[in-house]
Amino acid sequence: MSAAVTPRHAGHTAGLMRSIYLPRTADALAFAMSTYGIPLLVLASTGSAALTGAAFALEWIPRLAAFGWAGSVVDRRGAAVVFHLASLGRALALAAGAVLLYLHPSGAVAGATVMVLAATTGVLTEFSYIAAETAGAAAGRRAGTRAHRVQAVLLGIDQTATLAGPALAGVLLLAGPPPMLAVITVLSLLAALLALRTPPSPVAPARAPKGRSGSGLLAGWRTIRSLPALGWLVTGLTLSNLATGLLQAAGPVIVVEHFGQSTTAVGLVWSAAAAATLLSVTICRFAIDRLGLWPVGAACATLASLAALAAAQAPDYLSYLVLVAVLMAADGGMTVVLRTLRSRLIPPEQFGSTLSATILILLLPLPVAGVLTALTPPDALGHVITACAALQALGLFYAFARLRTGPALRT
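As the structure is a prediction and not an experimental result, all values here were calculated from the model.

> Give a description of the overall build of the protein chain that names residues and reports values.
For the protein chain, the helix and strand inventory stands at 14 helices and zero strands. Each helix (α) and strand (β) of the protein chain, taken in turn from the N terminus, gives the series α-α-α-α-α-α-α-α-α-α-α-α-α-α. Looking at the 411 residues of the protein chain, the share that counts as buried comes to 53%. For the protein chain, the proportion of contacts with a sequence separation of at least 24, taken over those separated by at least 6, is 86%. On the protein chain, roughly 17,800 Å² of surface is accessible, and the fraction owed to carbon and sulfur atoms is 69%.

> Now, about the nonpolar core: what can you tell me, with residues and values included?
Counting residues in each nonpolar core, the largest one holds 108 residues, and the members touching the most others are L181 and Y320. Two domains each put at least three residues into this core: domain 1 (14-199) and domain 2 (213-410). For Y320, the residues in contact, after removing those within four places along its chain, are L247, G251, I254, V255, F259, V269, A311 and A314. Formed by seven residues, the second largest nonpolar core is a distinct cluster that contains F56, W60, A249 and L363.

> Explain the packing of aromatic side chains to me, using residue names and the numbers behind them.
For any pair of aromatic rings, geometry is given as the distance between the ring centres together with the angle between the planes. Evaluation of the coordinates by the stated rule reveals three aromatic pairs. Seen from their ring centres, W232 and Y398 are 5.2 Å apart, and the 75° between their planes marks the pair as edge-to-face. In this pair, W232 sits in helix α8 (residues 228-258) while Y398 sits in helix α14 (residues 381-404), placing the two residues 166 residues apart along the sequence. Among the residues examined, W232 registers a relative accessible area of 26% and is labelled partly exposed. Taken together, a centroid distance of 5.7 Å and an interplanar angle of 55° make the contact between F259 and Y320 tilted. Of the two residues, F259 is situated in the loop between α8 and α9 (263-291) and Y320 in helix α11 (residues 317-345); the sequence distance between them amounts to 61 residues. One exposure class covers both F259 and Y320, and it is buried.

> Which residues make up the packing of α8 against α9, and what are the values?
Each pair of packed helices can be described by the angle between their axes along with the distance between the axes. At their nearest, the axes of α8 and α9 sit 8 Å apart, and the two run at 150° to each other. Considering the angle they form, α8 stands roughly antiparallel to α9. When the axes of α8 and α9 are compared, the crossing they make is right-handed. Listed contacts from α9 to T244, L247, Q248, G251, P252, V255 and V256 of α8 are T263, A265, V266, V269 and W270. Looking at the contact of α8 with α9 residue by residue, the classes come out as eight nonpolar, four polar and no charged.

> Please provide a residue-by-residue account of helix α6 (residues 177-195), values included.
Here α6 spans 27 Å end to end across 19 residues, near enough to the 27 Å set by a 1.5 Å rise per residue. Turning to α6, its buried residues number three or more, namely P178, M180, L181, I184, T185, L187, S188, A191, A192, L194 and A195.

> So what about the pattern of salt bridges? Which residues, and what values?
Here the structure, examined in full by the defined rule, presents two salt bridges. Put simply, R24 and D158 hold a salt bridge, and the shortest N to O gap is 2.8 Å. A residue pair is termed long-range when its members are at least 10 positions apart, and R24 in helix α1 (residues 2-46) and D158 in helix α5 (residues 147-173) qualify at 134 residues.

> Can you break down the side chain of S305 residue by residue, with the values?
Tracing the sequence through the fold places S305 in helix α10 (residues 293-311). Engagement of the side chain of S305 in a polar contact is seen with the backbone oxygen of A301, the distance being 2.9 Å. Apart from residues no more than four positions distant in its own chain, S305 is found in contact with Q392, A393 and L396.

> Got a sec to walk through the packing of α10 against α14? Specific residues and values, please.
Interhelical geometry of α10 versus α14 gives an angle of 165° and a closest axis separation of 8 Å. By the angle class used here, α10 and α14 are roughly antiparallel. Crossing geometry of α10 relative to α14 is assigned as left-handed. Here W294, G297, A298, A301, A304, S305, A308 and L309 of α10 lie close against α14, whose contacting residues are T386, A389, A390, Q392, A393, L396, F400, L403 and R404. Taken together, the residues of the contact of α10 with α14 break down into twelve nonpolar, four polar and one charged.

> Tell me what's going on with α10, and back it up with residues and numbers.
The terminal C-alpha atoms of α10 lie 27 Å apart, and with 19 residues this matches the ideal 27 Å at 1.5 Å per residue to within 8%. Buried within α10 are the following residues: L293, V296, G297, A298, C300, A301, A304, S305, A307, A308 and A311.

> Describe a nonpolar patch on the surface, naming the residues involved and giving the relevant values.
A cluster of nonpolar side chains, contributed by V99, Y102 and L103, occupies part of the molecular surface with about 360 Å² of accessible area. Along the chain, the position of Y102 falls in helix α3 (residues 79-103).

Each value, and the rule that gives it
- Residues numbered from 1 in each chain as written.
- Predicted model: local features only at pLDDT ≥ 70, side-chain atom pairs only at ≥ 80, totals over all residues.
- Heavy atoms only, no water.
- Helix = DSSP H or I, 4+ residues; strand = E, 2+ residues; numbered from the N terminus.
- Buried < 20%, exposed > 50% of the residue type's maximum accessible area, 1.4 Å probe, protein only.
- Contact = heavy atoms within 4.5 Å.
- Areas by Shrake-Rupley, 256 points an atom, 1.4 Å probe, with all protein chains shown as cover.
- Core = buried A, V, L, I, M, F, W, Y, C linked by side-chain atoms within 4.5 Å.
- Domains from an automatic or database assignment.
- Phe/Tyr/Trp six-rings, centres within 6.5 Å; stacked < 30°, edge-to-face > 60°.
- Axes fitted to C-alpha atoms, helices over the stretch in contact; angles between N-to-C directions.
- Parallel < 35°, antiparallel > 145°, perpendicular 65-115°, else oblique.
- Left-handed = near helix turned anticlockwise from the far one by under 90°.
- Nonpolar A, V, L, I, M, F, W, Y, C, P; charged D, E, K, R; others polar.
- Expected span 1.5 Å × (residues − 1).
- Salt bridge = Lys/Arg side-chain N within 4 Å of Asp/Glu carboxyl O.
- Polar contact = N/O pair within 3.5 Å; in protein donor to acceptor, adjacent residues only side chain to side chain.
- Patch = residues over 30% accessible without salt bridge, like charges linked within 9 Å, V, L, I, M, F, W, Y side chains within 5 Å.

Structure representation (structure tokens):
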């Protein structure tokens, strides 16, 4: 029997590799490189800390605006079609940007090009991400009892891309903006071509109301308000994301201008953070089994608050890198707690809309962080980060203090 089953399982894995894992890998790497590389590109092309922060905001504001719309389009058109078109559109935008920056490496044209790239890639990346998530969920349902294995592989792909993408973008930027954009273009084009192998997902009936995404987010918001434990945790993590988002948006300015490092060093910070997060998530899963949700979540919240406060006063690059890695590792532990709590509390029939609303709320601080970076003089960034870290500490302390008295985080 086992000899007959093994080839079937091997064939199923090979099919997933071609239709799901390979497209997701190419798209995730392009996602990570563009998200972290575009602000570096802005700083390298313009030398402006304000424009670097503005570019970070321009990456995230359109993503937030497109969040509900992207989900609605994927539901109506199918994940494979949207995945292909979004990746192809990103490849074309990046290729045009590479040509323009090759012809105009500095000046007004270069500045306008990189800012438009930030907004354009932000929107298209959101569409490809939602489509890839939908395709992965559909693959998990088709896998039946092996669904957890599919999701584990997809999570590993995302974390590995986050680990490699920032460092790769920083290294390529040493050769100039066009080479970095060319590599992301190739990855996006590869994702678009591989998406043609992705199995079509079910689509909503054509008569489905087009205002569905907005009403879904509203329903999700009502569900969050009806679940106090989930609401407190989301509130604390949202305030925490303001501090981590500010460190991410201001990272190029802090590392390059304050510590005098190269753009590669900026990418190494977030690659180290991704490696620490991957390790933290693994450790926290076992720790929660032994200690429960609240002790692990409270410990991660304390560690994140202390690391953010210390990172704002870091005396050198190495200590800054270590503190940011510790902060993001602790944030990863809190994310495990959030995911577990969501699965426990949210009614199955309201899970999709509540998940969308939760993610949207958690992402809102990111464009705010970009605006703060753009409006703050480089010499004052440390004070702003300290203030946001203090707000993070207060928010997390209050959230976990409220959660301590309730049954939601008991295992």
